[in-house]
There are 2 protein chains.
Amino acid sequence: MKSYGQYCPVARASEILSQRWTLLLLRDLLGGIRRFNDLRRGVPLMSPSLLSRRLKELEKWGMVVRVRDPRSGAVEYHATPMALELRPVIDLLGAWGQRWVRNRLIDDELDVNLLMWDVSLRVDPNRFGPGQTVIGFEYTDRPRLKKDDWWVDKWWLVMADGESDLCLRDPGFEVDLHILTDLRTMTKVWMGDIPVRAALRSGGIELLGARALADSFEDWLPLSSHALHERPPDSLNLERILAAAQAGAAG
Amino acid sequence: MKSYGQYCPVARASEILSQRWTLLLLRDLLGGIRRFNDLRRGVPLMSPSLLSRRLKELEKWGMVVRVRDPRSGAVEYHATPMALELRPVIDLLGAWGQRWVRNRLIDDELDVNLLMWDVSLRVDPNRFGPGQTVIGFEYTDRPRLKKDDWWVDKWWLVMADGESDLCLRDPGFEVDLHILTDLRTMTKVWMGDIPVRAALRSGGIELLGARALADSFEDWLPLSSHALHERPPDSLNLERILAAAQAGAAG
DNA sequence: CAGTATCCGATGCGATACTG
DNA sequence: CAGTATCGCATCGGATACTG
């Protein structure tokens, strides 16, 4: 990618950050994701070779250090201070996107794997008391088929010892709470476009199982970190502004 | 450009903003630049056809409205609220770039036209009292040649009636203050990498002409809006961190 | 001044397969 | 699990010339 040829720091920053996928990788790295294959889960449409290249570039820029965990010997990518200081930028960018590009929830952007991965990362496993808690997710809009070795419509969230694990196959444990929903509804709830209560009332989300878990559902179900951002007030609606301007010019 | 396929607002924002040149255009649009050819000056390496395309895309996204000035009939591009709300993002991005990507001032990024354009945009023409004030810039590191119809090493900044004009040809007015400098020094001063006083003392900038203007030079010379951002403290220097970690591991 | 039309080249990137 | 190697296409974008 050719340089912008400008001393302006906005240009310099853009040269690094405007590379395809780079901001999404930083989003995940700042979220504490460190393993190659975990990073892959966050950008499923990115090829592994390109991911590898991007990580090398980030390392070259000094935003990532590749370290080997002395215990497990596993490779890990850690965000450096240079990357960590992008947090406000990325947060604001997300807030802006949520505010102004939220209007439509495009079908191409619905991704049940991504959603469940996000949920598993944000759920707080310590809210469930001691012992093990298993939540089963079932997407009623997906076929009840097994593909390879797992169901395409079922996920299990296993919480124990302060950790949460997302399982694609039946872990064999008893399920404490079943959640029945469809991908669009669950994604909208996750993004704050539908209140949890409304989804429960309308039947977009159904809960079966332990009463205590179901009753506290609204409390322990995590939402996207962007769920609470507000839409722009209607007074800033562009069509409105233009219409008003035209009416003013005419009158 | 293919979609990231993610409902995440960071991804959605990136799809729009990570297009090549787009952030730089928004930088200028938020800076109040509205005319096509003025926008061109801010991105001299961008082809006009691509600029045209990007402006259409911004319009499609609702970040720009193309309007015709009722008086002059000239075409203007105005930032919408959607674009204006990117200001904190772009400011933070610039601050981050200034902080972390400042180390080198690459020769390819030195651009005297860009620099003089920036200066002319940021200088406050009201600081010079009534009547007209003319500042002449002369870059001693450039050849004293005429190219086409203008000198390649000379610029004139004409301030009058609360406006400032950048001239490439000798406007014919008497010059109140001559500034002799070289591009690298002037750019470094502009970016806050050299204090004005230091440049004056070392002779990197020489002033000839009206005593009052020369004495107040430090006051009226504008600097880049990023000039005051701080470098990261040495404690965050990556090489230092790694060296310390290694020393710790060894010991 | 404010763009548009056309062309073509570089290369970014995706797909797939493969490896220690 | 953590990547690498290879291939080839699509397309982005730069250059140039032209227009009302």
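Worth saying up front: this structure is predicted, and the values here are computed from it rather than measured.

About the cut-offs
Residues numbered from 1 in each chain as written. Chains lettered and ligands numbered in written order. Predicted model: local features only at pLDDT ≥ 70, side-chain atom pairs only at ≥ 80, totals over all residues. Heavy atoms only, no water. Helix = DSSP H or I, 4+ residues; strand = E, 2+ residues; numbered from the N terminus. Buried < 20%, exposed > 50% of the residue type's maximum accessible area, 1.4 Å probe, protein only. Contact = heavy atoms within 4.5 Å. Areas by Shrake-Rupley, 256 points an atom, 1.4 Å probe, with all protein chains shown as cover. Lys, Arg positive; Asp, Glu negative; His and termini not counted. Charge placed at Lys NZ, Arg CZ, Asp CG, Glu CD. Near = heavy atom within 4 Å. Polar contact = N/O pair within 3.5 Å; in protein donor to acceptor, adjacent residues only side chain to side chain. Nonpolar A, V, L, I, M, F, W, Y, C, P; charged D, E, K, R; others polar. Buried area = accessible area lost by both parts, 1.4 Å probe. Salt bridge = Lys/Arg side-chain N within 4 Å of Asp/Glu carboxyl O. Pairing = 2+ DSSP bridges. Axes fitted to C-alpha atoms, helices over the stretch in contact; angles between N-to-C directions. Domains from an automatic or database assignment. Least-squares fit on C-alpha atoms with pLDDT ≥ 70 in both. Phe/Tyr/Trp six-rings, centres within 6.5 Å; stacked < 30°, edge-to-face > 60°. Lys NZ or Arg CZ within 6 Å of the ring centre and 35° of its normal.

### What to know about the overall build of chain A
- The helix and strand tally for chain A stands at 12 helices and nine strands.
- Taking the principal axes of the C-alpha coordinates as reference, chain A spans close to 65 × 60 × 35 Å.
- Within chain A, buried positions represent 47% of all 251 residues.
- By sequence separation, contacts in chain A at least 24 residues apart represent 60% of the contacts at least 6 residues apart.
- Carbon and sulfur atoms provide 49% of the accessible area of chain A, an area that totals close to 12900 Å².
- Averaged over its 34 positive side-chain charges, chain A has a centre that lies 6 Å from the centre of its 35 negative ones.

### Digging into the protein's contact with DNA strand C
- Surrounding DNA strand C, one finds 18 residues, the nearest of these being R54 of chain A together with R35, S52, K56 and R66 of chain B.
- S49 of chain A places a side-chain nitrogen or oxygen 3.4 Å from a base nitrogen of DNA strand C.
- Within the side chain of R35 of chain B, an N or O atom sits 2.7 Å from a phosphate oxygen of DNA strand C.
- Looking at side-chain class alone, the surface near DNA strand C contains eight nonpolar, four polar and six charged residues.

### A word on the interface of chain B and chain A
- With 66 residues of chain B at the contact, the number on the chain A side is 66 residues.
- Interface of chain B and chain A: buried area, both sides summed, is about 5700 Å²; carbon and sulfur atoms make up 68% of it.
- Ranking the residues of chain B by area buried against chain A places Y7, R12 and W96 of chain B at the top, with a combined share of 16%.
- Summed over the shared surface of chain B and chain A, the number is four salt bridges.
- Salt-bridge contacts for E85 of chain B lead to R99 of chain A; the nearest nitrogen and oxygen are separated by 2.6 Å.
- At the boundary of chain B with chain A, the tally comes to 18 residue pairs in polar contact (both at pLDDT 80 or more).
- With 11 residues, the single largest contributor to the side of chain B that touches chain A is helix α6 (residues 87-100) of chain B.
- Its residues assigned to classes, the side of chain B that touches chain A comprises 40 nonpolar, 13 polar and 13 charged.

### Here we look at the sheet that holds strand β3 (residues 133-139) of chain B
Residue and element names in this part refer to chain B.
- Pairing is mixed in the open sheet, where five strands are placed in the order β7-β6-β3-β8-β9. For this open sheet the edge positions go to β7 (163-167) and β9 (205-209), each flanked by a neighbour on one side alone. Between one strand axis and the next, the sheet turns by 20° as a mean value, whatever way the strands run.
- Pairing between strand β6 (residues 154-160) and β7: five bridges, direction antiparallel. What sits directly across from L157, in β7, is L166.

### Quick word on the domain arrangement of chain A
All names here are of chain A.
- Entries for chain A in the domain assignment read domain 1 (9-87) and domain 2 (107-220).
- The gap between the C-alpha centroids of domain 1 and domain 2 is 28 Å.
- Contact residues are listed per partner, giving five residues for domain 1 and five residues for domain 2.
- At the boundary of domain 1 with domain 2, the tally comes to zero salt bridges.
- For the interface between domain 1 and domain 2, the tally reads zero residue pairs in polar contact (both at pLDDT 80 or more).
- Tallied by class, the residues present in the side of domain 1 that touches domain 2 amount to two nonpolar, one polar and two charged.

### Remarks on the protein's contact with DNA strand D
- DNA strand D sits among 18 residues. The nearest are R35, S52, K56 and R66 of chain A together with R54 of chain B.
- Among the atoms of DNA strand D lying within 4 Å of the protein, the sugar-phosphate backbone contributes 76%.
- One nitrogen or oxygen atom from the side chain of R35 of chain A is found 2.7 Å from a phosphate oxygen belonging to DNA strand D.
- Here Y77 of chain A contributes a side-chain N or O atom positioned 2.9 Å from a phosphate oxygen of DNA strand D.

### Thoughts on the relation of the copies chain B and chain A
- When chain B is fitted to chain A, the residual RMSD is 0.0 Å, and the transformation amounts to a turn of 180° plus an axial shift of 0.0 Å. The transformation relating the two chain copies, once decomposed into turn and shift, fits a two-fold axis. No C-alpha of chain B approaches the rotation axis more nearly than that of S18 of chain B, which lies at 2.2 Å.
- Taken together, the interface assignments show that 100% of the residues at the interface of chain B recur at the interface of chain A, consistent with an identical surface on both copies.

### Details of the packing of aromatic side chains
- Under the defined criterion, the tally for this structure stands at eight aromatic pairs over all chains.
- Ring geometry for W21 of chain A against Y4 of chain B: centres 4.6 Å apart, planes inclined by 55°, an arrangement best described as tilted. Remark: Y4 of chain B occurs in the segment before α1 (9-17) and W21 of chain A occurs in the loop between α1 (9-17) and α2 (22-30); the pair is interchain, linking two chains.
- Residue classification places Y4 of chain B among the buried positions, given a relative accessible area of 5%.
- Aromatic side chains F128 of chain B and W220 of chain B sit 5.3 Å apart centroid to centroid with 65° between the ring planes, which places their arrangement in the edge-to-face category. Within this pair, whereas F128 of chain B is found in the loop between α7 (112-122) and β3, its partner W220 of chain B is found in helix α11 (residues 217-220), the two being separated by 92 residues in sequence. Of the two residues, F128 of chain B and W220 of chain B, neither departs from the other in class, the shared state being buried.
- The structure contains a cluster of three or more aromatic residues connected by ring pairs, namely F128, F217 and W220 of chain A.
- The ring of W151 of chain A carries the charged tip of K154 of chain A above its face, separated from the ring centre by 4.4 Å.

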